[in-house]
Amino acid sequence: MKYHVLEKEQLDCFIKSLAKKMKVAAPVSKGNGNYAFQEVKTAEEIATEYIPTILPPKKYFMPVKEKMLDFDLNGKEPKETAELDACEMAIFGVHTCDLAGIQCLNIVFNERPRDYNYLIRKENLFIIGLECNKYCDSFASCALVNSHLPNGGYDLFFTDIGNKYLINVNTQKGEDFVESIGLPKASSQEMSALEKVREEKKKVFNHEVDVEPKKIPEMFEKVYNSKLWEKVGEKCVSCGNCTNVCPTCYCFDMDDFINLDLKTGSRIRSWDSCQFETFATVAGGENFREERSMRQRHRVYRKFKFPVDKFNRFFCTGCGRCSRTCMAGINLKEILKEVAEESKF
Ligand code: SF4
Ligand code: SF4
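Residues numbered from 1 in each chain as written. Chains lettered and ligands numbered in written order. Predicted model: local features only at pLDDT ≥ 70, side-chain atom pairs only at ≥ 80, totals over all residues.

## Re the environment of Pro150
Among the structural elements, Pro150 can be located in the loop between β7 (125-130) and β8 (156-160). Each C-alpha atom of the pair Pro150 and Ala100 lies 8.4 Å from the other, and the pair is 50 residues apart in sequence. Among all residues touching Pro150, those that are not within four sequence positions of it are Thr96, Leu99, Gly129, Glu131, Phe157 and Asn168. (Helix = DSSP H or I, 4+ residues; strand = E, 2+ residues; numbered from the N terminus. Contact = placed C-beta atoms within 7 Å.)

## A word on the sheet that holds β7
With respect to topology, seven strands assemble into an open sheet ordered β1-β9-β8-β7-β6-β2-β3, the strand pairing being mixed. Since the sheet does not close on itself, it has two edges, and those belong to β1 (2-7) and β3 (34-39), each with one partner. With strand direction ignored, the average angle separating the axes of adjacent strands in the sheet is 25°. Sheet topology note: the β7/β8 ladder contains three bridges and is parallel. Pairing of Ile128 across the sheet is with Leu156, part of β8. Sitting on the sheet, helix α6 (residues 188-204) touches β1, β8 and β9 (164-169), and the angle it makes with β9 is about 90°. (Pairing = 2+ DSSP bridges. Axes fitted to C-alpha atoms, helices over the stretch in contact; angles between N-to-C directions.)

## Digging into the nonpolar core
In terms of nonpolar packing, the biggest core is built from 68 residues, with Val24, Ile91, Phe92, Ile128, Leu156 and Ile167 touching the most fellow members. Element by element, the count of residues in this core is highest for helix α3 (residues 96-110), at six residues. The residue makeup of this core includes at least three contributed by each of domain 1 (2-63 + 84-204) and domain 2 (213-251 + 275-342). With residues near it in sequence (within four places) discarded, Ile91 still touches Ala25, Phe37, Pro57, Tyr60, Leu125, Ile127 and Ile128. (Core = buried A, V, L, I, M, F, W, Y, C linked by C-beta atoms within 7 Å. Buried ≥ 20, exposed ≤ 12 C-beta atoms within 10 Å, placed from the backbone. Domains from an automatic or database assignment.)

## Topic: the sheet that holds strand β4 (residues 65-72)
Paired through their backbone hydrogen bonds, the strands of a sheet run either parallel or antiparallel. Overall, antiparallel pairing links the four strands, which are arranged β5-β4-β11-β10 in an open sheet. Of all strands in the sheet, those with a lone pairing partner are β5 (79-81) and β10 (252-258), marking the two edges. In this sheet, adjacent strand axes meet at a mean angle of 25° when their direction is disregarded. Pairing geometry for β10 and strand β11 (residues 264-271), over seven bridges, is antiparallel.

## Here's the deal with the site of ligand 1
Of all residues adjacent to ligand 1, which total 13 residues, the nearest are Cys236, Cys239, Asn241, Cys242 and Cys326. Partitioned by chemical class, the residues of the shell around ligand 1 number eight nonpolar, five polar and no charged. (Near = placed C-beta within 6 Å. Nonpolar A, V, L, I, M, F, W, Y, C, P; charged D, E, K, R; others polar.)

## A short note on the domain arrangement of the chain
Considered domain by domain, the chain is made up of domain 1 (2-63 + 84-204) and domain 2 (213-251 + 275-342). Distance between the C-alpha centres of domain 1 and domain 2: 28 Å. Each partner contributes to the interface: domain 1 provides 22 residues, whereas domain 2 provides 17 residues. Ranked by residue count, the leading element in the side of domain 1 that touches domain 2 is α3, at eight residues.

## Details of the packing of helix α8 (residues 228-235) against helix α10 (residues 292-304)
One can describe the packing of α8 onto α10 by two numbers: an axis separation of 7 Å at closest approach and a directional angle of 110°. Compared by their axis directions, α8 and α10 come out roughly perpendicular. On α10, the residues touching Trp229, Glu230, Val232 and Gly233 of α8 are Arg292, Ser293, Gln296 and Arg297. Looking at side-chain class alone, the contact of α8 with α10 contains two nonpolar, three polar and three charged residues. (Parallel < 35°, antiparallel > 145°, perpendicular 65-115°, else oblique.)

## Re unusual backbone geometry
Put simply, Arg112 and Pro113 share a cis peptide bond, and its omega is -5°. Residue position: Pro113 is located in the loop between α3 and α4 (116-123). The phi angle at Ser238 is positive, at roughly 55°, despite the residue not being glycine. Counting through the fold element by element, Ser238 comes out in the loop between α8 and α9 (241-244). The class for Ser238 is partly exposed, based on 15 C-beta atoms found within 10 Å. Positioned with a positive phi, Leu262 is a non-glycine residue whose angle comes to about 60°. Looking at the secondary structure, you find Leu262 in the loop between β10 and β11.

## Describing helix α1 (residues 11-21)
Along α1, the residues that are buried comprise Phe14, Ile15 and Leu18. End-on view of α1: buried residues confined to an arc of 95°, all on one side of the axis. Against the buried residues of α1 lie β1, β2 (23-31) and β6 (89-94). (Arc of directions from axis to C-beta.)

## Points about α10
Along its 13 residues, α10 runs 19 Å from first to last C-alpha, staying within 8% of the 18 Å computed at 1.5 Å per residue. Considered for burial, the residues of α10 that qualify are Ser293, Arg295, Gln296, Arg297, Arg299, Val300, Lys303 and Phe304. On its buried side, α10 packs onto α7 (216-222), α8, α9, α11 (306-311) and α13 (332-342). (Expected span 1.5 Å × (residues − 1).)

Structure below.
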């Protein structure tokens, strides 16, 4: 493992050097305790202490709406043309929960048939993580799913060790950049400071859900027909906010928009949500998740049970965004506590 250090007062030089090479996005305060990733030019604009942004960085990997191709049915053979907007860009300040979210999306979009739009964009992104030294708020549960610690998925990773950042270099791209700006290597004293930060984290990262993480999929096997889902479904208004803000939700819809000539048009992909009534409607009008209770159950099983069966990992990173944003006050941690309680019997 390679580690370098950056004096905090040098962060502005770091960001400016990066901005000379590519666009830089970072968390910025939007007022009222809200934060969003957006383009920055200086360190002054960045909120280095922030709770999860309104939307996770997935918006840079899979835009809310994107044109997949233009088509032309004139002539003997139909023609398709596709142009991908994927410029080189750095995302600075990505928390470990969002790094875990990106890792989940990487798995999904690498499955065959591969999603080249996602993969090409990802290749163009330079990801710089930033460690949280304390829990962001009561909605977070990252320690439950072990995403409070860095587990890869970044080029560089920053940890605040007082008046400096300790930087873990994880890729060649990361190393090239760090060397290009001449950052010094970390001393043994600075490495001890990292150990201290991690020791302190053990004391403060309490996710408040009293379950053994490895027992979670088993718990969900027992509660599929629980009344809990009806209770949650009665509150839910099917707005889809919880899935939009989730760093691991990736469902999309595809629409063809045809021009007035009825021969040319564009295929557009946009985010969709399993919480919408139409989501599970199939040909003939059959809807296999008609009730909101079924859709809520599906959402939660898609985080804690189905991906464990398929990919051997949780697709919840504990960021807390779904609970933080829900206008109906549906709280994922409360659901987990109820699942834990009910599954005991
Ligand atoms: S944000 Fe809340 S109300 Fe909206 S779909 Fe999700 S759980 Fe339902
Ligand atoms: S389910 Fe909720 S807490 Fe878990 S990753 Fe998605 S938004 Fe974050």
